[in-house]
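Residue-level listing of the chains:
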Amino acid sequence: MKVLVYSTKDFEMDNLKKANGGKHKLRFITDTLDTDTAVLAAGYDAISIFSNDDASLVVLETLHDLGVKYITLRSTGYNNVSIKSAKRIGLKVAYAPEYSPNAIAEHTVALLLALNRKLVQADAQVKQYNFSMDDLVGFDLNGKTVGILGTGKIGSILVRIFHAFGCKLLATDLTRNQYLESHYDLKYLPLEEMCKKADIISINAPLTYETHHLFRNSLFKLMKKGTILINTARGGIVKTEDLINNLKKGHLGGYATDVYENERGIFFQDHSEKGIDDEQLKELISLSQVLLTPHQAFATKEALVRIAQTTIHNLDCWEEGRGCINELGYETFVS
């Protein structure tokens, strides 16, 4: 099978080549998939895309017209793909589920610890030989109430980690995990109630129509003054404009995130020479209570190997004409 791999990162190539073992003809390009670059897929049976590629209806129709039959994502999230449109026009789409729940959960905790204990600021001070501690005071996690939106694979791991810290645990989800309730004293509450009681809130849910801008002024107003919000899910779940206002007013204590709602075209690229034009992002990262990483939570050696293996597995299934367990359809929902 001839496969065009969009949005290739240097750290992905060796794993993909090794997993492939010469079975498929892979071509790697750094271009992201969009309405302009879709034509590059002419003559290919399949493409592989990343979370920031654009697989909306217009792009999918172009790919279909060019003869592309399959799309395999190197990500768990697939909000960038119009799944219903793909199915309607005859394109098969598969994703890489559960490749790095530990990686993302661990990064979530790392963000919280770094923000709370002001590790970035402390490191910068020490490198200037400034060893004062006037602005480096944090708080104990022990005894704090942590609210987790989404107790799927990632959220479940976070429950275990925060329980080990001695935190009180709350959660919101469509379904309750009775094992977590009985073994980790987790209590499920409606989102509004959870936000009222939590000192720390972690977002671990997919971006859907229902969750888009779920965290906005109406929800921020319910939170206790000083609440820390962590987002390692999708940027669009948080309305950035409202977030910034609440941070500047001092109502929110901090925001630690690995994602941003308008990250497409910015993240995964080096803009250090020319800078960026997104004024909202500039303002967000200028705030002292904000810690942002460039969508790197998934990037561990173990996770990258699993992503590559799953990507090639999906292609193998299609080429051999057997069912692909990772194929997406109308009913698919990732918790």
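You'll find the structure just up there.
Computed from a predicted model, the values in this text were never measured in an experiment.

Conventions used here
Residues numbered from 1 in each chain as written. Predicted model: local features only at pLDDT ≥ 70, side-chain atom pairs only at ≥ 80, totals over all residues. Heavy atoms only, no water. Helix = DSSP H or I, 4+ residues; strand = E, 2+ residues; numbered from the N terminus. Rg over C-alpha atoms; globule rule 2.2 N^0.38 Å. Buried < 20%, exposed > 50% of the residue type's maximum accessible area, 1.4 Å probe, protein only. Contact = heavy atoms within 4.5 Å. Areas by Shrake-Rupley, 256 points an atom, 1.4 Å probe, with all protein chains shown as cover. Salt bridge = Lys/Arg side-chain N within 4 Å of Asp/Glu carboxyl O.

**Student:** Honestly, the overall build of the protein in this entry has me stumped. Any pointers?
**Tutor:** A tally of regular secondary structure across the protein gives twelve helices and twelve strands. Radius of gyration (C-alpha) of the protein: 21 Å, near the 20 Å computed for a compact globule of 335 residues. With the C-alpha coordinates of the protein rotated into their principal frame, the extents come out at 60 × 50 × 35 Å. Looking at the protein as a whole, 50% of its 335 residues are labelled buried. At a minimum sequence separation of 6, the contacts of the protein that also span at least 24 residues come to 66%. Accessible surface computed for the protein: about 16,500 Å², of which carbon and sulfur atoms make up 51%.

**Student:** How do you make sense of the pattern of salt bridges when you look at a structure like this?
**Tutor:** When their charged atoms lie close together, side chains carrying opposite charge are able to pair. Summed over all chains, the structure comprises nine salt bridges. With a closest N to O distance of 3.4 Å, K196 and E193 form a salt bridge. Taken as a pair, K196 and E193 lie in helix α8 (residues 191–197) at a separation of three residues, close to a single helical turn. Residue classification places K196 among the partly exposed positions, given a relative accessible area of 39%. In this structure E193 comes out as partly exposed when scored by relative accessible area, which is 31%.

**Student:** Would you mind showing me how to read unusual backbone geometry here?
**Tutor:** In most cases, non-glycine residues show a negative phi, while peptide bonds are predominantly trans. One non-glycine residue, S7, adopts positive backbone phi at about 55°. Exposure remark for S7: the relative accessible area of 5% places this residue in the buried category. A positive phi is found at E98, a non-glycine position, where the angle reads about 55°. By secondary structure assignment, the location of E98 is in the loop between β5 (92–94) and α4 (101–116).

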